[in-house]
Amino acid sequence: MALTQSYRGQKPGIFSSLLNGLTRGMSQIMEANSRIREVERLQAMSDEALTAKGIKREDIVRHVFRDLYWM
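Remember, predicted model here, so these are calculated numbers, not experimental data.

Right, let's get into the side chain of R35. Checked against the element boundaries, R35 lands in helix α1 (residues 14-43). Residue classification places R35 among the buried positions, given a relative accessible area of 12%. A distance of 2.9 Å separates the side chain of R35 from the side chain of D67, its partner in a polar contact. Contacts of R35, omitting those with residues within four sequence positions, involve V64, F65, D67 and L68.

Right, here's the structure in full:
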């Protein structure tokens with residue numbers, strides 16, 4: 001004889017799902033905004049300062065978003 005046990009968790013309500021989606025969306029916007037500011041900060045630097053940091057001017061975006069995309 002086999003025994004089974006089932007668990008039926010409650011599905012999140014529509015308000016809860018909407019709130020979770022808005023929270024995730026806002027955090028993604030804030031993170032993207034901080035990355036754009038970092039790109040602008042690096043672009044404002046001289047070529048010598050970028051070289052000292054080991055970054056080429058054409059690689060600034062790739063450097064800032066390196067953890068999100070494979071380029």
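Inspection of the secondary structure puts N33 in helix α1. N33 sits in the partly exposed class, given a relative accessible area of 40%. Sequence separation of N33 and L50 is 17 residues, and the distance between their C-alpha atoms is 21 Å.

Glancing now at a nonpolar patch on the surface. A surface patch of nonpolar side chains, amounting to about 390 Å² of accessible area, comprises I14, F15 and L19. Relative to the assigned elements, L19 resides in helix α1.

Considering all chains together, one arrives at five salt bridges under this definition. Ionic pairing is found between R35 and D67, a salt bridge with its closest N-O pair at 2.9 Å. Taken together, the residues span a long stretch of sequence, with R35 in helix α1 and D67 in the segment after α3 (60-64) at a distance of 32 residues. Residue classification places D67 among the exposed positions, given a relative accessible area of 54%.

Quick look at the confidence of the model for the chain now. Of the residues in the chain, 90% reach a pLDDT of 70 or more, and the chain-wide mean stands at 86. Averaged pLDDT values for the elements of the chain fall to 90 in α1 and rise to 96 in helix α2 (residues 47-53).

Thresholds, definitions, all that
Residues numbered from 1 in each chain as written. Predicted model: local features only at pLDDT ≥ 70, side-chain atom pairs only at ≥ 80, totals over all residues. Heavy atoms only, no water. Helix = DSSP H or I, 4+ residues; strand = E, 2+ residues; numbered from the N terminus. Buried < 20%, exposed > 50% of the residue type's maximum accessible area, 1.4 Å probe, protein only. Polar contact = N/O pair within 3.5 Å; in protein donor to acceptor, adjacent residues only side chain to side chain. Contact = heavy atoms within 4.5 Å. Patch = residues over 30% accessible without salt bridge, like charges linked within 9 Å, V, L, I, M, F, W, Y side chains within 5 Å. Areas by Shrake-Rupley, 256 points an atom, 1.4 Å probe, with all protein chains shown as cover. Salt bridge = Lys/Arg side-chain N within 4 Å of Asp/Glu carboxyl O. pLDDT = per-residue confidence, 0-100.

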